Amino acid sequence: MALFKGAGVALITPFHEDGSVNYEKLTEILEEQIAEGTDAIVAVGTTGEAATLTEDEHIEVVAHTVKVVNHRIPVIAGTGSNCTATAIDLSQRAEKAGADGLLLVTPYYNKATQKGLYAHYKAIADAVSIPCILYNVPGRTGMKIEPKTMADLYYNVKNIVGVKEATGDVGATSELMRLVDEDFLLYSGEDGIIVPLLSIGGSGVISVLSNVAPKETAEICKKWFAGDVKGAWEEQKRALPLIHSLFMEVNPIPVKAGMNLQGKAVGGLRLPLTEMEEAHQEVLKEEMRRYGILS
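Given the structure is predicted, the values throughout are model-derived calculations rather than measurements.

(A) Quick look at the overall build of the protein chain. A tally of helices and strands in the protein chain yields twelve helices and eight strands. Summarising its shape, the C-alpha atoms of the protein chain cover approximately 50 × 45 × 35 Å along the three principal directions. Looking at the protein chain as a whole, 54% of its 295 residues qualify as buried. If you take every contact in the protein chain between residues at least 6 apart in sequence, the share linking residues at least 24 apart comes to 72%. Surface exposure of the protein chain reaches about 12200 Å², of which carbon and sulfur atoms provide 52%.

(B) Structural context of the pairing of strand 7 (residues 185–188). Of the two faces of strand 7, the one holding Leu185 and Tyr187 and the one holding Leu186 and Ser188 are both buried throughout. In terms of handedness, the path from strand 6 (residues 160–165) via helix 7 (residues 170–179) over to strand 7 forms a crossover that is right-handed. Of the strand pairs in this sheet, strand 7 and strand 8 (residues 204–207) are connected by two bridges, and their pairing is parallel. For Tyr187, the partnering residue across the bridge sits in strand 8 and is Gly204.

(C) Layout of the sheet that holds strand 5 (residues 132–136). Overall, parallel pairing links the eight strands, which are arranged 1-2-3-4-5-6-7-8 in a closed barrel. With strand direction ignored, the average angle separating the axes of adjacent strands in the sheet is 25 degrees.

(D) The arrangement of the nonpolar core in detail. One finds Leu134, Ile160 and Phe184 to be the most contacted residues of the largest nonpolar core, which totals 72 residues. Looking at which element gives the most residues to this core, the answer is helix 2 (residues 55–69), with six residues. Every residue in contact with Phe184, bar those within four places of it in the chain, is listed here: Met150, Tyr154, Val161, Gly162, Val163, Leu176, Met177 and Ser203.

(E) Quick peek at the packing of aromatic side chains. Tallying each qualifying case throughout the model produces three aromatic pairs. Lying over the aromatic face of Tyr135, Lys164 brings its terminal NZ or CZ to 4.1 Å of the ring centre.

(F) View of the pairing of strand 3 (residues 75–78). Because side chains alternate across strand 3, one face comprises the buried residues Val75 and Ala77, and the other comprises Ile76 and Gly78, equally buried. Where strand 2 (residues 40–43) and strand 3 come together, three bridges link them in parallel fashion. Pairing of Val42 across the sheet is with Ile76, part of strand 3. The parallel pair strand 2 and strand 3, bridged by helix 2, forms a crossover whose chirality is right-handed. Pairing of strand 3 with strand 4 (residues 101–105), which is carried by three bridges, proceeds in the parallel orientation. Residue Ile76 lies in a different strand from strand 4, and its bridge partner there is Gly101. Taking the sense of rotation as the criterion, the β-α-β connection linking strand 3, helix 3 (residues 84–96) and strand 4 turns out right-handed.

Calculation notes
- Residues numbered from 1 in each chain as written.
- Predicted model: local features only at pLDDT ≥ 70, side-chain atom pairs only at ≥ 80, totals over all residues.
- Heavy atoms only, no water.
- Helix = DSSP H or I, 4+ residues; strand = E, 2+ residues; numbered from the N terminus.
- Buried < 20%, exposed > 50% of the residue type's maximum accessible area, 1.4 Å probe, protein only.
- Contact = heavy atoms within 4.5 Å.
- Areas by Shrake-Rupley, 256 points an atom, 1.4 Å probe, with all protein chains shown as cover.
- Right-handed = clockwise from strand over helix to strand, strands pointing away.
- Pairing = 2+ DSSP bridges.
- Axes fitted to C-alpha atoms, helices over the stretch in contact; angles between N-to-C directions.
- Core = buried A, V, L, I, M, F, W, Y, C linked by side-chain atoms within 4.5 Å.
- Phe/Tyr/Trp six-rings, centres within 6.5 Å; stacked < 30°, edge-to-face > 60°.
- Lys NZ or Arg CZ within 6 Å of the ring centre and 35° of its normal.

This is the structure in structure tokens:
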């Protein structure tokens, strides 16, 4: 049940001025991502402002993405929730809409035990037939999937195939990779450590950076998998200052600002997210120029 190898984009959701989803712009940025070499689209995750989309909007964005992409690369739908029943419903609707896989964030706010996490993820995966990637991001959710829990899910639930890892804990991730086999899919959930995670058996990245620099992000992975370890690391190093500026404020505030600076006109954000502070935007602008993605 392999999904993709390389650079997947955690795609933003573009909005009109009135806050409604801009499907024409979504089509445009999807075509750009494919043309620039992105290996997979992750729709309506954190970067896609899933938290403030209605459930109907959520599935409409997935369905539109599937239609536009038309099997050229995999489409993975973010369908996690802190309510297991809601996550099951969203996951089944995303599968029906044609998604190739699911990205399932750990339950936030109620913060399940590891036993609860296991039951939560098993219930969701058992309700669908497409591959499921778990999303380990304690900075957002207040909890993490322990390596043993992740390995147990992988070995006991047939369509749980891997994890988007955003703990920043390379030691714990290394322990996870010791416990699983070579078919396990490890995706970096942090643009700043793509190469380190590739070095312990990673399959790629689910990237915020790719929204503003799709070709360059894909190149990091392409060089690595072509055996050019030094070249991949050089590309990673070159991107680090820009990556830092893309997280000066909570994602996706800076990356949407960056895309608008590039003239992509992806619109604003839904409250409680607000526009990037001017001083921060100047830093972002300078780093984008230095990186060569803004004139």
